Amino acid sequence: MTPGSGLQAGLKNRHLTMIAIGGVIGAGLFVGSSSGIATAGPGILLSYALVGTLVVLVMRMLGEMSAANPTSGSFSAHADRALGRWAGFSIGWLYWFFWVVVLAVEATAGAKILAGWVPAVPQWGWALIVMTVLTATNLVSVGSYGEFEFWFAGIKVVAIGAFILIGLLAIFGVLPGVHADKASFGNLTNHGGFLPHGPGAILTGVLLVVFSFMGSEIATLAAGESEDPQRAVTKSTNSIIWRIGVFYLGSILVVVSLLPWNDPTIKAQGSYVAALNSLGIAHAGEIMNVIVLTSVLSCLNSGLYTASRMAFSLGQRGDAPKVFARTTARGVPMAAILASVVFGFVAVFFNYAYPDTVFLFLVNSSGAVALFVWLVICFSQLRMRRIILREAPEKLVVRMWLYPYLTWATAIFIMGVLGYMLTDTEGASSGRTTVLLSVGVAAVVVVIALVKQKFGPDRAEGAAAVDTAEKVTTG
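Analysis parameters
- Residues numbered from 1 in each chain as written.
- Predicted model: local features only at pLDDT ≥ 70, side-chain atom pairs only at ≥ 80, totals over all residues.
- Heavy atoms only, no water.
- Helix = DSSP H or I, 4+ residues; strand = E, 2+ residues; numbered from the N terminus.
- Buried < 20%, exposed > 50% of the residue type's maximum accessible area, 1.4 Å probe, protein only.
- Areas by Shrake-Rupley, 256 points an atom, 1.4 Å probe, with all protein chains shown as cover.
- Lys, Arg positive; Asp, Glu negative; His and termini not counted.
- Charge placed at Lys NZ, Arg CZ, Asp CG, Glu CD.
- Phe/Tyr/Trp six-rings, centres within 6.5 Å; stacked < 30°, edge-to-face > 60°.
- Lys NZ or Arg CZ within 6 Å of the ring centre and 35° of its normal.
- Core = buried A, V, L, I, M, F, W, Y, C linked by side-chain atoms within 4.5 Å.
- Contact = heavy atoms within 4.5 Å.
- Axes fitted to C-alpha atoms, helices over the stretch in contact; angles between N-to-C directions.
- Parallel < 35°, antiparallel > 145°, perpendicular 65-115°, else oblique.
- Left-handed = near helix turned anticlockwise from the far one by under 90°.
- Nonpolar A, V, L, I, M, F, W, Y, C, P; charged D, E, K, R; others polar.
- Salt bridge = Lys/Arg side-chain N within 4 Å of Asp/Glu carboxyl O.
- Polar contact = N/O pair within 3.5 Å; in protein donor to acceptor, adjacent residues only side chain to side chain.
- Expected span 1.5 Å × (residues − 1).
- Arc of directions from axis to C-beta.

A. Structural context of the overall build of the protein chain. Counting its regular elements, the protein chain contains 20 helices and two strands. When burial is assessed residue by residue, the protein chain has 57% of its 475 residues classed as buried. As presented, the protein chain carries roughly 18600 Å² of accessible surface, and 68% of it is formed by carbon and sulfur atoms. Of the side chains in the protein chain, 28 bear a positive and 22 a negative charge, and the two mean positions are spaced by 6 Å.

B. How the structure looks around the packing of aromatic side chains. Counted under the stated rule, the structure contains 18 aromatic pairs. On the numbers, 6.0 Å between centres and 70° between planes, the contact of F148 with F152 is edge-to-face. Taken together, the residues F148 and F152, both in helix α7 (residues 142-171) and four residues apart, mark about one turn of the helix. By relative accessible area, which is 35% here, F148 ends up partly exposed. Overall, the relative accessible area of 12% leaves F152 in the buried class. An angle of 50° between the planes, with centres 4.9 Å apart, marks the rings of F163 and Y272 as tilted. You can see F163 sitting in helix α7 and its partner Y272 sitting in helix α13 (residues 271-277), a full 109 residues away along the chain. Grouping residues by exposure puts F163 and Y272 together as buried. Seen from the ring of Y403, R385 lies directly overhead, with NZ or CZ sitting 4.3 Å from the centre.

C. Focus on the nonpolar core. The biggest cluster of nonpolar side chains holds 149 residues, and the ones touching the most others in it are F75, Y95, W99, V373, W374, I377 and I414. Here this core gets 20 residues from one element, more than from any other, and that element is helix α5 (residues 85-117). Once residues within four sequence positions are removed from consideration, W99 is found in contact with M214, G215, E217, I218, C299, G303, T306 and A307.

D. Geometry of the packing of α5 against helix α14 (residues 284-316). Closest axis-to-axis distance for the α5/α14 pair is 8 Å, and the angle between their directions is 155°. Considered as vectors, α5 and α14 are oriented roughly antiparallel to each other. The crossing of α5 and α14 is left-handed. In terms of residue class, the contact of α5 with α14 is made up of 23 nonpolar, six polar and one charged.

E. Here's a closer look at the pattern of salt bridges. Under the counting rule described, the total for this entry stands at seven salt bridges. The partner of R85 in a salt bridge is D319, with the nearest N and O atoms 3.0 Å apart. Residue R85 is found in helix α5, and its partner D319 is found in the loop between α14 and β1 (327-328); the two are separated by 234 residues along the sequence. Grouping residues by exposure puts R85 and D319 together as buried. Residue E391 is joined to R390 by a salt bridge in which the shortest nitrogen-to-oxygen separation is 4.0 Å. With respect to burial, E391 and R390 carry one shared label: exposed. Here the salt bridges share partners, and the residues they tie into one network are R81, R390 and E391.

F. Structural context of the side chain of S298. Along the polypeptide, S298 turns up in helix α14. Engagement of the side chain of S298 in a polar contact is seen with the side chain of K156, the distance being 3.1 Å.

G. Seen up close, the environment of H15. Within the secondary structure, H15 is located in helix α1 (residues 13-23). Taking C-alpha positions, H15 is 9.8 Å from A219, a pair spaced 204 residues apart along the chain. Among all residues touching H15, those that are not within four sequence positions of it are G10, G143, G146, E147 and F150. One polar contact links H15 to E147, side chain to side chain, over a distance of 2.8 Å.

H. Here's a closer look at helix α19 (residues 431-455). Taking 1.5 Å of rise per residue, 25 residues should cover 36 Å, and α19 covers 36 Å from first to last C-alpha, within 8% of that figure. Listed as buried for α19 are G431, T434, V435, S438, V441, A442, V445 and A449.

I. Region of interest: helix α10 (residues 229-238). Along α10, the residues classified as buried are P229, A232, V233, S236 and T237. Buried residues of α10 fall within an arc of 125° about the axis and therefore sit on the same side.

Now the structure itself:
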């Protein structure tokens, strides 16, 4: 048993390694990068570098807190301790809401691909099948989740590694049997310069790519169910730099070098498919669809796991129904998983029935949660460092660099991104709409948290409830 919970240490070190690596490779990297390239040209590399640096810093802060206190609640539990119960409640429920909406988005994306292959099954049928299979996987045991994620992440890693290798060989002109006449590092500057739309496009690019990095924090939640949580957190935190450098910057560099940034096929086919097609590689589109589907399934698998573990942690702390903190004999929080799935199915229904109203509201109102989470991590770490030093300095095995100055600089940059999003007014999912709706939903959750904190049971009663919940197992 993991100390302090009914969860079990069912994740092996190889599972945690691949969860950490795969967590930074979302489906958004494959699907969403083409709009970023169109907006910023080759300068999108700077956008990815900026956001990548931001994620490295935030993960360093989270790693410091999670190595000292590994828990399934991760940053929500740390915020609870450092900033107050209202903060842990608010960010925990917002994060849960974010992943439930992601379940619907990814289930629909996967269903579109599968319906294209087997049109006899309707798209909603595929969404139902995918959600049901991955729900069953998560309900069996944490080890089955880890095993599925190990292979999903492994396919993504191998695919991106092969893409980078093939692309570099083509760029250097040493890959036989391909049409590499367009491939050259000269594409970085030959078509209107490195920043064809000016320096301002870098920040616009940041808005487009920032959400594809969400998921890097999953390893710190999963560490609570591993054999050696502190080692797992430390390892994943220390490796985040090369993971982002290789998978994001490396692969995007290859894309914008294989093709001119303004090549129309990038927008029409997607950046990675267009890059492979430019080399005349047969069935490039089908190959990439398999990889995108794998990424979608990986995101669904991890999203369901993450949402359920956050609900479990909230239940443990008395901030969600107590039943969420109950586990089966296998250490699985069944009620937390099923509740997350039910809301995921409801969101899938809204996606088909009311795509331009209800579902659009759900997507927009959860869109800025990633930035809220990172901001809360910053403020939590500012307080938690002092708590750790006072109570257990030997647990400070991971340290944030240049504390507290770099922490403050990161928080200011995140607030700057949120402020810049308010200047984006184009389209139904504009930056301003996303920020305002997300802030509105966050405000409602914070008010509920403050009311609950003032009039709800005190922490001592909540702790007693947690102790009871930990002892209860079913099945």
